[in-house]
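In case you want the letters, here they are:
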Amino acid sequence: MRLLFLVAALFLSASVTASAQRQSRAAVAPILTGPDARDSQTYARPEIARVTHVALDLNADFAAKRMAGTATLDIQAAAGAQEIILDSKGLEIQAIIGPGGRALPFTIGPEHATRGAPLTVRMGAARRIAIRYRSAPNAEALQWLTPAQTAGGRHPYLLSQGQSILNRSWIPTQDSPGIRQTWEARITAPTPLKVVMSGERLTPNGVAAGPGRRAYRFRMTHPVAPYLIAIAAGDIAFRPLGRRTGVWTEPAMLDRAAAELRDTERMVEAAERLYGPYRWGRYDVIVLPPSFPYGGMENPTLTFLTPTFIAGDRSLVGLVAHELAHSWSGNLVTNATWDDSWLNEGFTSYFENRIMEAVYGRARAAQEASLSWDDMQAALRELGATSPRTRLHDPSDEADGGSSGIVYDKGAIFLRTLERIVGRARFDAWLRSYFDRHAFQPMTSVRFLADLRANLIRGDRALEQRLQLDTWVYQPGLPDNAAQPDPAAFAMVDSAARAFNAGGPASAVPYQDWNWAERVRFIKALPERLPEARLAELDRAFRLSESGNAEVLFVWLRLGIRNRYDAALPATERFLLGMGRRKFVQPLFQALVQQGTWGRPIATRIYERARPGYHPVTTGSVDRIVRGAPAS
Ligand code: BES
Ligand code: ZN
């Protein structure tokens, strides 16, 4: 409680509507005010004035590539507070209206490259303000796709990506994960597009909203971090998967998506058995067009997914387990600042693996955990084990700065280490109660450690010593108690790789019998440098350049580039033109550019063609590599 700052109750003005009164009675999520919870990425000063509820009324204007309309904010403020500071990026503010329709003065401060600009509103005594605005055509959170960029090819498409600090480019609010807000929205779009958002979908088929447009309404009655407000609009259809699960996607994708997602309801059930009830109502997913810049995004009630997870054999559904797990770690208990993003991603990677074990068995989970161990080791090698960037708590002042090998993999291995030392039953009981204790609240490393000590260690000095908690959270490198991966997980694969690397023929490698994890492990076990003849032998034997599994194709193409293997270039180009997932796109361009006179011209040529199809998240990263400059 010492750390909690409970803002004074909101006084309702005469103009407040019935719906707002309903909202204002919902519990307002507390703000943490300790130094460990200070978010360097926001301009907001929530201890003075904070947003509690956002009501959006916006038109999606596909011709202008703008969201335009009104955001009405409910505010709680310290007694006498006259101003509220919001985050904004590229927003064109037309007017800000207070009670009785009075225009309120506001200023927009200097623009920072990633954080955007503070929008300071002189609200006086007003505790509800309506902002009339429109987003810029190049808003970083939004991607406006042409019909040609969709599977159907006939209609445009809109998708958003809020994490980490992009939503301020289309929603004027306090864009900080520690400032939880309830929200509602009314969005209009041209027919026949359907609109979906990351909240309760109140009008599945929309209602007429003037010539050629329909309006869709949504609400989120739990307070959520604002990066979790998400929208997609397009020619999409829905198919149920289970009692509370279903999939949205373009009609042309529906059969393949539903088949791949067949186990989704079972995953939710497995997750609930592990760490308690799923608290968000429905768990639907939307399979987006291939330009979606991430594998997945855990938008509440509606996970966003890349179509590249569709391999035809459900081999890559660990991604779904991951986004589902965020319904607890991330969406329920949320990192208060991005310096602690390991609390979202490390917990989720651990939980993902537990879901995979529960649904698909120990062998598969052990293999995926072993790949994760390798990714962590690669990150430690790349960064250097003494680099401050290998700390879980990383106060580096960047919103997305952390290496995934640290934040995701070292984070998950930390929790696996705790599990092994205290025993699974005891660890699971603690983790479940942790989610309950902190549901709908922000979390920091400091508070996580305090909870662990109060509820798991309980003064056991010997146990405290064995766990090395502070070393894990605050020191670089890998503590010596780290839970090792199962050496049996890839024993067969590793021996086949050794035989091949000693000069054996590809025909002796039982590649066709292997699952995706074994294939990836094998390709990663090949030497960095391979002669063209050996690459050709592998490609011919296993048809690697034609792989329909994006994870396998990615590691193969990267190996090809590192060896200037021309025969894989057509497949590389096809892959880079066919999807915009940053995790694949960025390292492939990086590898090309590293190949100097051979690779740089290839990178430039492919990027010229591919760039218009990529989301701002992806171009933001690749511009730096290929053009040597930040996005313009
Ligand atoms: N929340 C992340 C995506 C994200 C991370 C967006 C950081 C912005 C900044 C999501 O849950 C995620 O981790 N996606 C991974 C999937 C995964 C299985 C590790 C991805 O996109 O590859
Ligand atoms: Zn994640």
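Residues numbered from 1 in each chain as written. Chains lettered and ligands numbered in written order. Predicted model: local features only at pLDDT ≥ 70, side-chain atom pairs only at ≥ 80, totals over all residues. Heavy atoms only, no water.

### Concerning the pairing of strand E22 (residues 302-305)
Moving on, step 1. Of the two faces of E22, both are covered, the one formed by Leu302 and Phe304 as well as the one formed by Thr303 and Leu305.
Moving on, step 2. With four bridges joining them, strand E20 (residues 283-287) and E22 adopt parallel strand pairing. Within the sheet, the bridge partner assigned to Asp284 lies in E22 and is Leu302.
Moving on, step 3. Taken together, the two bridges between strand E21 (residues 296-297) and E22 define a ladder with antiparallel strand orientation. (Buried < 20%, exposed > 50% of the residue type's maximum accessible area, 1.4 Å probe, protein only. Helix = DSSP H or I, 4+ residues; strand = E, 2+ residues; numbered from the N terminus. Pairing = 2+ DSSP bridges.)

### A closer look at the packing of aromatic side chains
Moving on, step 1. In the structure shown here, the tally under the stated rule is 35 aromatic pairs.
Moving on, step 2. Ring centres of Tyr434 and Phe448 lie 6.4 Å apart, and the angle between their planes is 90 degrees; on these two criteria the pair is classed as edge-to-face. One end of the pair, Tyr434, is in helix H8 (residues 424-437); the other, Phe448, is in helix H9 (residues 445-457), and 14 residues separate them in sequence.
Moving on, step 3. What makes Tyr434 buried here is its relative accessible area of 1%.
Moving on, step 4. Taking the ring centre of Tyr360 as reference, the NZ or CZ of Arg364 above it sits at 4.3 Å.
Moving on, step 5. The residue whose ring lies beneath Arg534 is Phe500, and the NZ or CZ to ring-centre distance is 3.8 Å. (Phe/Tyr/Trp six-rings, centres within 6.5 Å; stacked < 30°, edge-to-face > 60°. Lys NZ or Arg CZ within 6 Å of the ring centre and 35° of its normal.)

### What to know about the coordination of the zinc ion (ligand 2)
Moving on, step 1. For the zinc ion (ligand 2), the protein coordination sphere consists of His322 (NE2), His326 (NE2) and Glu345 (OE), at 1.9 to 2.1 Å.
Moving on, step 2. Between the donor residues of the zinc ion (ligand 2), the gaps in sequence give the motif H-x3-H-x18-E. Here Glu345 lies in helix H5 (residues 342-360) and His326 lies in the loop between helix H4 (318-325) and strand E23 (333-335), a separation of 19 residues in the sequence.
Moving on, step 3. Under the relative-accessibility criterion, His326 is labelled buried at 0%.
Moving on, step 4. The class for Glu345 is buried, based on a relative accessible area of 5%. (Donors = N, O, S within 2.8 Å, 3.2 Å for Na, K, Ca; no water.)

### Digging into the sheet that holds E22
Moving on, step 1. Read from one edge to the other, the open sheet built from five strands follows the order E18-E19-E20-E22-E21, with strand pairing classed as mixed. At either margin of the open sheet sits one strand with a lone partner, and together these are strand E18 (237-240) and E21.
Moving on, step 2. Contacts from H4 reach E20, E21 and E22, with the element oriented near 140 degrees to E22. (Contact = heavy atoms within 4.5 Å. Axes fitted to C-alpha atoms, helices over the stretch in contact; angles between N-to-C directions.)

### A few points about the sheet that holds strand E7 (residues 106-108)
Moving on, step 1. The strand order across the open sheet formed by three strands is E5-E8-E7, and the pairing between neighbours is antiparallel. If you trace the sheet from one side to the other, it starts and ends with strand E5 (83-88) and E7, each paired once. For this sheet the average axis-to-axis angle between neighbouring strands, irrespective of direction, equals 20 degrees.
Moving on, step 2. The sheet contact formed by E5 and strand E8 (residues 117-122) spans six bridges and is antiparallel. Counterpart to Asp87 in the pairing with E8 is Pro118.

### A word on the packing of helix H12 (residues 491-501) against helix H13 (residues 516-525)
Each pair of packed helices can be summarised by the angle the axes make with each other and by the distance between the axes.
Moving on, step 1. In contact at an axis separation of 9 Å, H12 and H13 are set at 35 degrees when each is read in the N-to-C sense. Judged by the sense of rotation from one axis to the other, the crossing of H12 with H13 is right-handed. Facing Val493, Asp494, Ala496, Ala497, Phe500 and Asn501 of H12, the residues of H13 in contact are Glu518, Arg521, Phe522 and Ala525.
Moving on, step 2. Looking at side-chain class alone, the contact of H12 with H13 contains six nonpolar, one polar and three charged residues. (Left-handed = near helix turned anticlockwise from the far one by under 90°. Nonpolar A, V, L, I, M, F, W, Y, C, P; charged D, E, K, R; others polar.)

### Brief notes about the site of ligand 1
Moving on, step 1. Within the structure, ligand 1 sits among 17 residues, and Gln163, Gly295, Glu298, Glu323 and Tyr408 are positioned closest to it.
Moving on, step 2. Between ligand 1 and Gln163 there is a distance of 2.6 Å, counted from a nitrogen atom to a side-chain nitrogen or oxygen.
Moving on, step 3. When the free accessible area of ligand 1 is taken as 520 Å², the share hidden by the protein chains comes to 85%.
Moving on, step 4. Of all elements in the fold, only E21 and H4 reach the threshold of two or more residues within the shell around ligand 1.
Moving on, step 5. Here the shell around ligand 1 gets three residues from one element, more than from any other, and that element is H4.
Moving on, step 6. Looking at the shell around ligand 1, its residues break down into four nonpolar, seven polar and six charged. (Near = heavy atom within 4 Å. Polar contact = N/O pair within 3.5 Å; in protein donor to acceptor, adjacent residues only side chain to side chain. Areas by Shrake-Rupley, 256 points an atom, 1.4 Å probe, with all protein chains shown as cover.)

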